[in-house]
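Per-entry structural report
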Amino acid sequence: MNVKETKLFLQELHTFPRKHLGQNFLINSQLSRKIVCEVKQTKGPWIEIGPGSGALTRLFSEEEKKILTLIEKDKKIANYWKEKNYSVLMQDALKIHWTKLPYFTTLFGNLPYQIAGPLLLKTSVFSKQMDTMILMMQKEVSLRVRAKPKTKDYGLLSVIAQTFWHIQWIAEAGTQDFYPPPKVAGHVLRFQAKISPVPGNEFLTFLKSCFAQRRKKLIHRLPISLSQAETLLSEINRNTNTRAEELTPEEFIFLFQEIQSRKSSQD
Ligand code: SAH
């Protein structure tokens, strides 16, 4: 879809790009093809979040369409695709119960900028059913997702993403690749599921507590006594001054598992 085709699409629907729905439509067809090519390397079924004008959606054949489901919050756009006989869930992707959907392998989409972070937390923690995600997201979120310890971008989202997925950078999108152009550039990332080392929801609760007050020392954030926490930290060559943002995802997993096993031995 180029700018002209995108404008025509919007005209036909008597609508306009809505900011609160992050409607920045991809107009770089080379990039669209690259994303869809990544998706087609997986065997499906596939789910696309936010088809919009169809920059990605239109690159699937009639046959491939049969194993593609679309999730779209904008009513007019959702109806457009329904009328074209696509399987459409007219829903907010953030409210989807992923575990209740039929089996699928791959989630993909050019994500509305404001939902990338929260969506990634949900799909990491609650879904064990998808193998791959190919997602375009705001550059800032992509940097946070891939950040290393002790950098300004490193935090809860980095630990969750790196615990549950192998992450690979696929492509960059400039603001000129969208209509209308957003304020910031985007990155396309590929997420390949890892065998989950920890139960997602409990691990997320644990991390939220560890990162609750960034400035505070980690020893005060662990749900065990101070002396136990000191011993545990020393086992990973850390001390009472260590802060959450210094720890690698592997170290968080170790702490979490140790604390869980202590708890269950007390029960
Ligand atoms: N994939 C298209 C459109 C991207 S714009 C392209 O690349 O051109 C983002 C799309 O996501 C829009 O269609 C918007 O209506 C939809 N959207 C926004 N918030 C959503 C949400 N919470 N759940 C599902 N779809 C959403």
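Presented here is an overview of the structure given in this document. Keep in mind that what you see is a predicted model, and the values were worked out from it rather than measured. (Residues numbered from 1 in each chain as written. Predicted model: local features only at pLDDT ≥ 70, side-chain atom pairs only at ≥ 80, totals over all residues. Heavy atoms only, no water.)

1. Brief notes about the pattern of salt bridges
The test is simple: We count a salt bridge whenever a side-chain nitrogen from Lys or Arg sits within 4 Å of a carboxyl oxygen from Asp or Glu. Secondary structure elements are taken from DSSP: a helix is a run of H or I of four residues or more, a strand is a run of E of two residues or more, and numbering for both begins at the N terminus. Each residue is placed in one exposure class: buried if its accessible area under a 1.4 Å probe, protein chains only, is under 20% of its type's maximum, exposed if it is over 50%, and partly exposed if it falls in between.
Scanning the entire structure with this criterion turns up 11 salt bridges. Between Asp 92 and Lys 73 there is a salt bridge, and its shortest N-O distance comes to 3.5 Å. Within this pair, whereas Asp 92 is found in the loop between β4 (87-89) and β5 (106-110), its partner Lys 73 is found in the loop between β3 (68-71) and α4 (75-83), the two being separated by 19 residues in sequence. Residue Asp 92 is classed as buried on the basis of its relative accessible area of 17%. Judged by relative accessible area, Lys 73 falls into the partly exposed class, the value being 48%. Residue Glu 258 pairs with Arg 262 through a salt bridge whose shortest N-O separation is 3.6 Å. Taken together, the residues Glu 258 and Arg 262, both in helix α10 (residues 249-266) and four residues apart, mark about one turn of the helix.

2. A few points about the pairing of strand β9 (residues 186-193)
Where we set the bar: Pairing between strands is defined by DSSP: at least two bridges between them are needed.
Most of β9 sits out of view: six of its eight residues are buried. For strand β6 (residues 132-138) and β9, the ladder comprises seven bridges, and the chain directions are antiparallel. Bridging across to β9, Ile 134 finds its partner in Arg 190. Bridge analysis of strand β7 (residues 165-173) against β9 gives eight bridges, and the strand direction is antiparallel. Among the inter-strand pairings, Ala 173 is bridged to a residue of β9, identified as Gly 186.

3. Re the environment of Ala 55
To keep it simple, the criterion reads: Residues are treated as being in contact if the distance between any of their heavy atoms lies within 4.5 Å.
Looking at where Ala 55 falls in the secondary structure, it is placed in the loop between β2 (46-49) and α3 (62-65). Considered as a pair, Ala 55 and Asn 28 are 27 residues apart in the sequence and their alpha carbons are 8.5 Å apart. Once you skip the residues sitting within four places of it in the chain, Ala 55 turns out to touch Met 1, Leu 26 and Ser 32.

4. Looking at the site of the ligand
Formally: A cutoff of 4 Å decides nearness: a residue is near a molecule or strand if any of its heavy atoms lies inside that distance of it. Pairing of N or O atoms within 3.5 Å defines a polar contact, subject to two protein rules: one partner must be a possible hydrogen donor and the other a possible acceptor, and residues neighboring in sequence count only if both atoms are side-chain atoms. Each accessible area is a Shrake-Rupley result for a 1.4 Å probe, and residues are judged covered by the shown protein chains and nothing else. Gly counts as polar in this scheme, as do all residues outside two lists: the nonpolar Ala, Val, Leu, Ile, Met, Phe, Trp, Tyr, Cys and Pro, and the charged Asp, Glu, Lys and Arg.
Surrounding the ligand, one finds 20 residues, the nearest of these being Leu 26, Gly 50, Glu 72, Ala 93 and Asn 110. Within the backbone of Ala 93, a nitrogen or oxygen atom sits 2.8 Å from a nitrogen atom of the ligand. Within the complex, 99% of the 580 Å² of free accessible area of the ligand lies under protein. Per-class residue counts for the shell around the ligand are eight nonpolar, seven polar and five charged.

5. Side note on the environment of Thr 99
Take Thr 99: it is sitting in the loop between β4 and β5. Residues Thr 99 and Gln 129, 30 residues apart in the sequence, show an inter-C-alpha distance of 7.1 Å.

6. Some points on the sheet that holds β5
Where we set the bar: In this description, a line fitted to the C-alpha atoms serves as the axis of each element, helices being fitted only across the stretch in contact, and the angle between N-to-C directions of two axes falls anywhere from 0 to 180 degrees.
In space, the seven strands of this open sheet follow the order β4-β3-β2-β5-β6-β9-β7, with mixed pairing throughout. At either end of the open sheet lies a strand with only one pairing partner, and these are β4 and β7. Direction aside, the axes of adjacent strands within the sheet are offset by 25° on average. Pairing of β3 with β4 involves three bridges; the strand directions are parallel. From the neighbouring strand, Leu 70 faces β4, where its bridge partner is Val 88. Its contacts with the sheet place helix α5 (residues 116-126) against β2, β5, β6, β7 and β9, and it is angled at close to 160° to β6.

7. Let's talk about helix α7 (residues 156-164)
Counting buried positions over the nine residues of α7 gives nine, a clear majority of the element. Along α7, the residues that are buried comprise Leu 156, Leu 157, Ser 158, Val 159, Ile 160, Ala 161, Gln 162, Thr 163 and Phe 164. Buried residues in α7 make contact with α5, α6 (139-146), β7, β9, α8 (200-210) and α10.

8. Brief notes about the packing of α6 against α7
Test applied: Any angle between 65 and 115 degrees counts as roughly perpendicular, while under 35 counts as roughly parallel, over 145 as roughly antiparallel, and the rest as oblique.
Two elements in contact, α6 and α7, have axes whose closest approach is 6 Å; the angle formed by their N-to-C orientations is 65°. When the axis of α6 is compared with that of α7, the two are roughly perpendicular. In this structure, α6 contributes Val 141, Arg 144, Val 145 and Arg 146 to the contact, and α7 contributes Leu 157, Ser 158, Ala 161 and Gln 162. Of the residues in the contact of α6 with α7, the class split is four nonpolar, two polar and two charged.

Everything listed here is a matter of geometry and, on its own, says nothing about what the molecule does.
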